[in-house]
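Observations on the three-dimensional arrangement
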Amino acid sequence: MKIWLDGGLQDSGSARVSVFDHGLTVGDGIFETVKTVDGATFALTRHLDRLTRSARGLGLPDPDHDEIRRACAAVVEANPVPLGRLRITYTGGHGPLGSDRGEQGPTLVVALGGTTRRADSTAVITVPWTRNERGALTGLKTTSYAENVVALARAHQHDATEALFANTAGRLCEGTGSNVFVVLDGEIHTPPLASGCLAGITRELTVEWTGAKETDLPLDVLERADEVFLTSTLRDVQGVHRVDGRELPGAPGPVTAKAMRIFTERSGDDLDP
Ligand code: PLP
């Protein structure tokens, strides 16, 4: 497979990043996952804008959008797949252990992965660990994902594919790699950004296109919601048929199914060839 590194395409088997890259040693990095459909990227401008917000939050230099667009186009062209996910990783770069930042400027890698379609519905669990809605990294898409890795492993132990967090105030927040929506009396709600969740691109579009309300919700709303669904670049809109021990028969329910339809229809508009 061809990936982008050091300003050009390279073979993934021989591409090299320093073992002292700060993305590796201290998780000083940010990333984006961008969907590709038949070689076209989905909502790339929104992803690049979020990458810049994350870079500024971490104090990294602004990423070069033109280079990343060129990199995405080159990687997609070199690895043609009907459905793919481009992973853009941007780190503090190579530098001595203990130093604040790499010395030679940031490392940019663009690679392709995730070519499978997700099921229409899935099972989720809640975890006892909390998202910090006031942390230095809140809302930034950083590569410091170990907490999500641990929570996701717990989900897999329970035959689920996602783990949902509350924030430190006990309010519903998000999943390890997705945003969460609930349906109450026919209305769609999702936690506000103040809950500490990531400003998911799929969440943003779903709110825009379905009129979902941003509502501060207690975690136990999951025990009474009529429907629950997840959104992310990897899942698009995906129904939930079990939350912890609670079954939601017939998922995706009618409101979720409509949101899925709207998302599929409208998302064609956001493809930049
Ligand atoms: N929340 C977290 C923590 C994530 O990592 C992600 C995506 O990776 C999302 C939400 C969903 O964001 P998006 O829809 O932009 O993929």
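Structure report, in brief.

Parameters and conventions
Residues numbered from 1 in each chain as written. Predicted model: local features only at pLDDT ≥ 70, side-chain atom pairs only at ≥ 80, totals over all residues. Heavy atoms only, no water. Helix = DSSP H or I, 4+ residues; strand = E, 2+ residues; numbered from the N terminus. Contact = heavy atoms within 4.5 Å. Buried < 20%, exposed > 50% of the residue type's maximum accessible area, 1.4 Å probe, protein only. Pairing = 2+ DSSP bridges. Salt bridge = Lys/Arg side-chain N within 4 Å of Asp/Glu carboxyl O. Expected span 1.5 Å × (residues − 1). Near = heavy atom within 4 Å. Polar contact = N/O pair within 3.5 Å; in protein donor to acceptor, adjacent residues only side chain to side chain. Areas by Shrake-Rupley, 256 points an atom, 1.4 Å probe, with all protein chains shown as cover. Nonpolar A, V, L, I, M, F, W, Y, C, P; charged D, E, K, R; others polar. Core = buried A, V, L, I, M, F, W, Y, C linked by side-chain atoms within 4.5 Å. Phe/Tyr/Trp six-rings, centres within 6.5 Å; stacked < 30°, edge-to-face > 60°. Lys NZ or Arg CZ within 6 Å of the ring centre and 35° of its normal.

Bringing the side chain of aspartate 28 into the picture now. On the secondary structure map, aspartate 28 appears in the loop between α1 (22–25) and β3 (29–37). Leaving out residues up to four positions away in the same chain, aspartate 28 has contacts with His22, Gly23, Leu58, Leu60, Thr91, Gly92, Asp100, Arg101 and Thr143.

For the rest of this paragraph, the subject is the pairing of strand β5 (residues 83–91). Most of β5 sits inside the fold, with eight of its nine residues counted as buried. Here β3 runs beside β5; their pairing, made up of nine bridges, is antiparallel. By the bridge assignment, isoleucine 30 is partnered in β5 with tyrosine 90.

When the charged atoms of two side chains lie near each other, side chains of opposite charge can form a pair. Overall, the coordinates contain 14 salt bridges when judged by the stated rule. For arginine 50, the salt bridge is made with glutamate 32, and the minimal N-O distance between the two is 2.7 Å. Of this pair, arginine 50 sits in helix α2 (residues 44–58) while glutamate 32 is found in strand β3, placing the two residues 18 residues apart along the sequence. Owing to a relative accessible area of 5%, arginine 50 belongs among the buried residues under this scheme. Between lysine 35 and aspartate 236 there is a salt bridge; the shortest N-O distance is 3.0 Å. With lysine 35 in strand β3 and aspartate 236 in strand β14 (residues 236–243), the pair connects residues that are 201 residues apart, well separated along the chain. By relative accessible area, which is 8% here, lysine 35 ends up buried. Bridged by salt links that share partners, the residues Arg46, Glu204 and Glu208 form one connected network.

Right, let's talk about helix α4 (residues 146–157) for a bit. When the terminal C-alpha atoms of α4 are compared, their 17 Å separation across 12 residues agrees well with the 16 Å that a helix rising 1.5 Å per residue should span. Close packing links the buried residues of α4 with β7 (121–131) and β8 (162–167). Aspartate 159, located one to two residues past α4, shows a positive phi value of around 60°.

What follows covers helix α5 (residues 201–210). Counting buried residues along α5, seven of its 10 residues qualify, which places the element largely inside the surrounding structure. Every buried residue belonging to α5 is among Ile201, Thr202, Arg203, Leu205, Thr206, Val207 and Trp209, and all of these are buried. Positive backbone phi, approximately 75°, marks glycine 211, located one or two places after α5.

Turning our attention to the site of the ligand. Taken together, 16 residues lie around the ligand, and Lys141, Tyr145, Glu174, Thr202 and Thr233 are the ones closest in. Arginine 50 is positioned with one of its side-chain polar atoms (N or O) 2.9 Å from an oxygen atom of the ligand. One nitrogen or oxygen atom from the side chain of lysine 141 is found 2.5 Å from an oxygen atom belonging to the ligand. A total of 390 Å² of accessible area belongs to the ligand in isolation, and the protein chains cover 94% of it. In terms of residue class, the shell around the ligand is built from three nonpolar, nine polar and four charged.

Further remarks concern the nonpolar core. Leu86, Ile88 and Val110 are the most contacted members of the largest nonpolar core, which totals 22 residues. Listed by contribution, the elements that provide at least two residues to this core are β3, α2, α3 (65–78), β5 and β6 (107–113). In this structure, isoleucine 88 is in contact with Ile30, Phe31, Glu32, Val34, Leu51, Ile68, Cys72, Leu108, Val109 and Val110, ignoring residues within four places of it in sequence.

The final tally for this structure, using the stated rule, is four aromatic pairs. For the ring pair phenylalanine 42 and phenylalanine 263, a centre distance of 6.1 Å and an interplane angle of 70° mean the geometry is edge-to-face. Of this pair, phenylalanine 42 sits in strand β4 (residues 40–42) while phenylalanine 263 is found in helix α6 (residues 254–267), placing the two residues 221 residues apart along the sequence. Pair check on accessibility: phenylalanine 42 and phenylalanine 263 agree, each one buried. Taken together, a centroid distance of 5.5 Å and an interplanar angle of 50° make the contact between tryptophan 209 and phenylalanine 263 tilted. With tryptophan 209 in helix α5 and phenylalanine 263 in helix α6, this pair connects stretches of sequence that are 54 residues apart. Each of the two residues, tryptophan 209 as well as phenylalanine 263, counts as buried. Each member of the aromatic cluster is reached from another via a ring pair, and the members are Phe42, Trp209 and Phe263. One Lys or Arg, lysine 35, reaches over the ring of phenylalanine 42 and ends 5.1 Å from the middle of that ring.

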